[in-house]
Amino acid sequence: MVKTTTKKRARTRNSAASKKSKEYIYPGDRCGEYLWSDYVRVNSGPRGILLSFGQFHPEVGKYQIIKEILLPYEVAISLRTIIGKQIDALTEKGLIEITNPQKE
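Worth saying up front: this structure is predicted, and the values here are computed from it rather than measured. (Residues numbered from 1 in each chain as written. Predicted model: local features only at pLDDT ≥ 70, side-chain atom pairs only at ≥ 80, totals over all residues. Heavy atoms only, no water.)

A.B. asks: Can you help me understand the pairing of strand E3 (residues 48–57) in this one?
C.D. replies: Side-chain positions along a regular strand alternate between the two faces of the sheet. The sheet contact formed by strand E2 (residues 39–45) and E3 spans seven bridges and is antiparallel. Considered in E3, the bridge of Gly45 is made with Gly48. Taking the residues that link successive antiparallel strands as the turn, the E2-E3 hairpin has two residues. Sheet topology places E3 next to strand E4 (residues 62–71); nine bridges connect them, and they run antiparallel. Each bridged residue has a counterpart across the sheet, and for Leu50 the counterpart in E4 is Leu70. (Pairing = 2+ DSSP bridges. Helix = DSSP H or I, 4+ residues; strand = E, 2+ residues; numbered from the N terminus.)

A.B. asks: What am I meant to see in the sheet that holds E3 here?
C.D. replies: Sheet strands line up and pair through hydrogen bonds in the backbone, either parallel or antiparallel. Reading across from one edge, E2-E3-E4 is the order of the three strands in this open sheet, with antiparallel pairing throughout. Sheet topology places E2 and E4 at the edges, where each strand pairs with a single neighbour. Shown here is a sheet whose adjacent strand axes are inclined to one another by a mean of 25 degrees, direction ignored. Sheet contacts for helix H2 (residues 73–92): E2, E3 and E4; angle to E4, the most-contacted strand, approximately 105 degrees. (Axes fitted to C-alpha atoms, helices over the stretch in contact; angles between N-to-C directions. Contact = heavy atoms within 4.5 Å.)

A.B. asks: What exactly am I supposed to notice about the side chain of Ser52 here?
C.D. replies: Its place among the elements puts Ser52 in strand E3. A polar atom in the side chain of Ser52 sits 2.6 Å from the side chain of Glu68. Setting aside residues up to four positions removed in sequence, Ser52 forms contacts with Tyr39, Val40, Arg41, Ile65, Lys67 and Glu68. (Polar contact = N/O pair within 3.5 Å; in protein donor to acceptor, adjacent residues only side chain to side chain.)

A.B. asks: Please explain the pattern of salt bridges as it appears in this structure.
C.D. replies: One side chain can pair with another of opposite charge once the charged atoms of both are near each other. What the rule picks out here adds up to one salt bridge. Across the pair Glu68 and Arg41 runs a salt bridge, and its minimum N-O distance is 3.8 Å. Within this pair, whereas Glu68 is found in strand E4, its partner Arg41 is found in strand E2, the two being separated by 27 residues in sequence. Residue class for Glu68 comes out partly exposed when judged on its relative accessible area of 44%. With relative accessibility at 34%, the residue Arg41 sits in the partly exposed group. (Salt bridge = Lys/Arg side-chain N within 4 Å of Asp/Glu carboxyl O. Buried < 20%, exposed > 50% of the residue type's maximum accessible area, 1.4 Å probe, protein only.)

This is the structure in structure tokens:
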């Protein structure tokens, strides 16, 4: 289980981060909007890993899938490394606390 802390820090950007952010653009105004999800299902297949994101629907009592993304295995392996490094950095800064680490 991951617990977030209430510790807040001001965001700072170094020149390398600013330079890198200029390499990406959103194709439209709506792309800046975030979808939220409280459920994710992960399935592996011959073409890659399928991530299915969903939201709990209280009236039906089930999760409704709102978005699916197929990641080729090369991208999934890279994503695992990136997420691992970010979680380690957040833990070191005290922004999150992992109370029950999962073993691989």
